Amino acid sequence: MMNNMVQLVKQLSGKLSPSVYTSLQQQSAAARHSQLRQIQRELKKDDVLERPLSELPFVIFDFETSGFSPDKGDSILSIGAVKMKGDEILEKETFYSTVYSENPSEEVLQLTGLTKEELIDSKPLSDVLPTFYEYIGKSTLVAHHASHEKRFMSHATWQLLRTTFVHRILDTSFLTKVVHPSLKLVTLDECCRHYQIPIHVRHHAMEDALVTAKLWQKNIRLAKELGYETLQEVYTYLARQQRST
């Protein structure tokens, strides 16, 4: 229903008076907010901690950003994501979008391979973020160095949708600490070298999300081999380890 409304707005935008067009935009935004609130209500009822890891839906995602501090004006430049069910990577169920930006630094452009032209031609985050939430649904989120992605998701969700970010988000280290507690694997490159996961392109949101999914896949399989069947069992182990140190 919401997508139909958005398409209608796009088709009629050149034929409507500004006041009518603005009204339709507001209705579309209201529908998006309503859908997100419904997802958030369902998340509160859905106890993922006790569900088998093999059944859990995950969204593995990555942001390329203009910096590290959304509160200081840094922004999301691109989003890449892929879905998983348990340890199965659903390679056809991906999400990728660049995000409108006027003035990314040359350093960031060189690092990410993004261009000023494609960013200027991209949709604003106010359009991309609700679409990304539709893609996520009720899935548990996973990212490498997830505090970075969580910071930007929390900021953008509040600024654009006026609601709090409530999805469960896990760092890949959540399982790495369980399956390899003695190893100090920090960067995505170090983890991939250890697991012999080939990296073809770095600092591209879609490519990094796919590589992170392969890392998460290997950790889930190793955790299951060690006898961990649920997220709750992993949380319990990590809490005991923390108390003993």
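Description of the structure in this document. Computed from a predicted model, the values in this text were never measured in an experiment.

1. Here's the deal with the overall build of the protein chain
From N to C terminus, the protein chain includes ten helices and five strands. Here the protein chain holds 245 residues, and 43% of them are scored as buried. Residue pairs in contact within the protein chain that sit at least 24 positions apart in sequence constitute 68% of those at least 6 positions apart. A total of about 13,400 Å² of accessible surface is found on the protein chain, and carbon and sulfur atoms cover 50% of it.

2. As for helix α9 (residues 205–225)
Between its first and last C-alpha atoms α9 spans 30 Å; for 21 residues at 1.5 Å apiece the expected length is 30 Å, and the two agree. Once α9 finishes, Gly227 follows within two positions and takes phi at roughly 100°, a positive value.

3. Remarks on the pairing of strand β3 (residues 88–98)
Within a regular beta strand, the side chains point alternately toward one face of the sheet and then the other, so they alternate between its two faces. As defined by bridge partners, strand β2 (residues 76–85) adjoins β3 across eight bridges and the pair is classed as antiparallel. Residue pairing in the sheet places Ser78 in a bridge with Thr98 of β3. Here β2 folds back onto β3 in antiparallel fashion, the turn holding two residues, of which Gly86 has a positive phi close to 60°.

4. Let's talk about unusual backbone geometry
With a phi close to 55°, His145 is a non-glycine residue in the positive phi region. With respect to the secondary-structure elements, His145 resides in the loop between β4 (140–143) and α6 (146–161). A relative accessible area of 38% means that His145 is categorised as partly exposed. Of note, Gln196 is a non-glycine position whose phi angle comes to about 60°, a positive value. Mapped onto the fold, Gln196 is located in the loop between α8 (188–195) and α9.

5. A word on helix α10 (residues 231–244)
Given 3.6 residues per turn, any residue in an α-helix points the same way as the ones three and four places further on. The end-to-end C-alpha distance of α10 is 20 Å, a good match for the 20 Å that 14 residues give at a rise of 1.5 Å each. Here α10 has its buried residues at Leu231, Val234 and Tyr237. The arc that holds the buried residues of α10, viewed along the axis, is 125°, so those residues lie on one side. Summarising the geometry of α10, the exposed residues directed more than 90 degrees from the buried face are Arg240, Arg243 and Ser244. Buried positions along α10 lie against β5 (169–171) and α7 (173–179).

6. A look at the side chain of Ser122
Mapped onto the fold, Ser122 is located in the loop between α4 (116–120) and α5 (125–136). Judged by relative accessible area, Ser122 falls into the buried class, the value being 12%. Residues within four places of Ser122 in sequence aside, it is in contact with Thr98, Val99 and Tyr100.

7. Description of the sheet that holds strand β1 (residues 57–65)
One open sheet holds the five strands; their spatial order is β3-β2-β1-β4-β5, and the pairing between them is mixed. Edge strands, defined here as strands with exactly one partner in the open sheet, are β3 and β5. For this sheet, the mean angle separating the axes of adjacent strands, direction not counted, is 25°. With three bridges connecting them, β1 and β4 associate as parallel partners.

8. Some remarks on a negative patch on the surface
Where like charges cluster on the molecular surface, the negative patch consists of Asp47, Glu50, Glu229 and Glu233. Within the element layout of this structure, Glu229 appears in the loop between α9 and α10. The class of Glu229 is partly exposed, set by a relative accessible area of 40%.

Calculation criteria
- Residues numbered from 1 in each chain as written.
- Predicted model: local features only at pLDDT ≥ 70, side-chain atom pairs only at ≥ 80, totals over all residues.
- Heavy atoms only, no water.
- Helix = DSSP H or I, 4+ residues; strand = E, 2+ residues; numbered from the N terminus.
- Buried < 20%, exposed > 50% of the residue type's maximum accessible area, 1.4 Å probe, protein only.
- Contact = heavy atoms within 4.5 Å.
- Areas by Shrake-Rupley, 256 points an atom, 1.4 Å probe, with all protein chains shown as cover.
- Expected span 1.5 Å × (residues − 1).
- Pairing = 2+ DSSP bridges.
- Arc of directions from axis to C-beta.
- Axes fitted to C-alpha atoms, helices over the stretch in contact; angles between N-to-C directions.
- Patch = residues over 30% accessible without salt bridge, like charges linked within 9 Å, V, L, I, M, F, W, Y side chains within 5 Å.
- Salt bridge = Lys/Arg side-chain N within 4 Å of Asp/Glu carboxyl O.
- Lys, Arg positive; Asp, Glu negative; His and termini not counted.
- Charge placed at Lys NZ, Arg CZ, Asp CG, Glu CD.

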